Amino acid sequence: SYTQDTGEQFPLTLTPGVILRGDEPNQGSTVLVIGGGNIISPTFSRQNVTIVTLEDSQIRGLTITNPYTRGTGVWVASTGPVIRNNTFTRSLRDGVFVTGTTDAAPLIEDNLFQDNDGNGIAVAKDAKGTIRDNTFIDTGFGIAVSQAAAPLIESNTIRENVDGVVVSNDARPVLRGNVIQDNERDGLVAIANAN
């Protein structure tokens, strides 16, 4: 476990090219990162975040939890990290938040998003990226896409959440081959000018 009690100072900021690797075969079940700290985001003001990614960084095989009010597990802003084989659970807002320009193009693949209060993944502003082969279960919205964001969302399992996928504002995601079922309210919601 990596926490404030073990000496970690949050948020952890990954420098370009760094790979943060734990237990990939078990989606991080034996390597826990729990905590959060404040950042000032140029696109979303003050945020409480566990890990901040920079260009070409990678997160593989961790369980990430932010137990603080409006806490987000991983913050991606105008970068293209790889986030693979992790578990995002019990964060009080999002597992992963992606924001910024079209340079915000992460690969988020083969992760488990479970029991987060807000969203499994939120994609905002002009962000893009690929969200592939993930499982979203028992979370607020499985995936929330807003503003002018346009990610590729493919081959995910999105079930037993409040809502499966919520698309709002002028967002235009591409959805392919997802299983969206047994959500409390709706599987797919498109609001305003969402396409």
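Residues numbered from 1 in each chain as written. Predicted model: local features only at pLDDT ≥ 70, side-chain atom pairs only at ≥ 80, totals over all residues. Heavy atoms only, no water.

### As for the side chain of Asp94
Note the threshold: A helix here means a DSSP run of H or I that spans at least four residues, while a strand means a run of E at least two residues long, and both kinds are numbered starting from the N terminus. Remark: exposure states derive from per-residue accessible area (1.4 Å probe, protein chains only) relative to the maximum for the residue type, with buried under 20%, exposed over 50%, and partly exposed in between. Counted as a polar contact is a pair of N or O atoms within 3.5 Å, where, for protein atoms, one must be capable of donating a hydrogen and the other of accepting one, and residues adjacent in sequence contribute only when both atoms are in side chains. We call two residues in contact when some of their heavy atoms are within 4.5 Å.
Within the secondary structure layout, Asp94 lies in strand E11 (residues 94-99). Assessed through its relative accessible area of 1%, Asp94 is described here as buried. For Asp94, the side chain forms a polar contact with the side chain of Asn119, separated by 2.8 Å. Setting aside anything within four residues of it in sequence, one finds Asp94 in contact with Gly71, Thr72, Gly73, Gly118, Asn119, Gly120 and Ala122.

### Some thoughts on the sheet that holds strand E15 (residues 130-132)
Stated formally: Two strands are counted as paired when DSSP detects at least two bridges linking them. Between the N-to-C directions of two axes lies an angle of 0 to 180 degrees, each axis being a line fitted to C-alpha atoms and, for a helix, fitted only over the stretch in contact.
Pairing is parallel across the open sheet formed by 7 strands, whose spatial order is E2-E6-E9-E12-E15-E18-E21. With partners counted over all chains shown, the strands left at the sheet margins are strand E2 (19-21) and strand E21 (174-176), one partner each. For this sheet the average axis-to-axis angle between neighbouring strands, irrespective of direction, equals 5 degrees. Note that E2 and strand E6 (residues 58-60) share 3 bridges and pair parallel. Residue pairing for E6: Ile19 is matched across the bridge by Gln58.

### With respect to the side chain of Asn111
Its place among the elements puts Asn111 in the loop between strand E12 (107-109) and strand E13 (112-114). On the basis of relative accessible area, Asn111 is assigned to the buried category, the value being 1%. Here Asn85 takes part through its backbone nitrogen, which lies 3.3 Å from a polar atom of the side chain of Asn111. Within the local environment of Asn111, its side chain forms a polar contact with the backbone nitrogen of Asn86, the two atoms lying 2.8 Å apart. Residues within four places of Asn111 in sequence aside, it is in contact with Gln27, Ile83, Arg84, Asn85, Asn86, Phe88, Asp133, Asn134 and Thr135.

### Some thoughts on unusual backbone geometry
The phi torsion of most residues other than glycine is negative, and most of the peptide bonds are trans. Of the consecutive residues Phe10 and Pro11, the connecting peptide bond is found in the cis state with omega at 0 degrees. Position of Pro11 relative to the elements: it lies in the segment before strand E1 (12-13). Positive phi outside glycine occurs at Asp56, with the angle close to 65 degrees. Mapped onto the elements, Asp56 comes out in the loop between strand E5 (45-52) and E6. A positive phi angle, close to 60 degrees, is found at Ala192, a residue other than glycine.

### Concerning the sheet that holds strand E10 (residues 87-89)
Two strands in a sheet stick together by hydrogen bonds in their backbones, pointing the same way (parallel) or opposite ways (antiparallel). Strand order in this open sheet of 7 strands is E3-E7-E10-E13-E16-E19-E22, and the pairing throughout is parallel. The open sheet terminates on both sides in strands that have one partner only, identified here as strand E3 (32-34) and strand E22 (179-181). Looking at each pair of strands side by side, their axes are set apart by 10 degrees on average, direction ignored. For E3 and strand E7 (residues 63-65), the ladder comprises 3 bridges, and the chain directions are parallel. Along E7, the bridge assignment pairs Leu32 with Thr63.

### Things to note about a negative patch on the surface
Spelled out, the test is: Residues enter patches when their relative accessible area tops 30% and they take part in no salt bridge; the joining distance is 9 Å for like charges and 5 Å for the nonpolar side chains Val, Leu, Ile, Met, Phe, Trp and Tyr. Note on areas: Shrake-Rupley, 1.4 Å probe, and residue coverage restricted to the protein chains presented here. We define a salt bridge as a contact between a side-chain nitrogen of Lys or Arg and a carboxyl oxygen of Asp or Glu at a distance within 4 Å. Residues scored as charged are limited to Lys and Arg (positive) and Asp and Glu (negative), so that His and the chain ends carry no count. Lysine's charge is taken at NZ, arginine's at CZ, aspartate's at CG and glutamate's at CD.
There is a patch of like negative charges on the surface, built from Asp115, Asp117, Asp138 and Glu184. Here Glu184 lies in the loop between E22 and strand E23 (188-190). The class of Glu184 is exposed, set by a relative accessible area of 62%.

### Some points on the environment of Glu109
Here Glu109 lies in strand E12. With a relative accessible area of 10%, Glu109 lands in the buried category. Expressed as a C-alpha distance, the spacing of Glu109 and Val174, which sit 65 residues apart in the sequence, is 16 Å. If sequence neighbours within four positions are ignored, Glu109 has contacts with Ile83, Arg84, Asn85, Arg132, Asp133 and Asn134.

### Re the nonpolar core
Rule in force here: In this text, buried Ala, Val, Leu, Ile, Met, Phe, Trp, Tyr and Cys residues form a nonpolar core when linked through side-chain atoms within 4.5 Å.
Among the nonpolar cores identified, the biggest contains 32 residues, and Ile51, Val74 and Val96 are the most heavily contacted of them. Listing elements by their share of this core, those giving two or more residues are strand E8 (71-77), E11, strand E14 (119-123), strand E17 (141-145) and strand E20 (163-167). With near-sequence residues (within four places) excluded, Val74 lies in contact with Ile51, Thr53, Ile59, Ile64, Ile83, Phe88, Gly95, Val96 and Phe97. Counting residues in hydrophobic clusters, the runner-up holds 7 residues, among them Val49, Val52, Trp75 and Ala124.

Everything listed here is a matter of geometry and, on its own, says nothing about what the molecule does.
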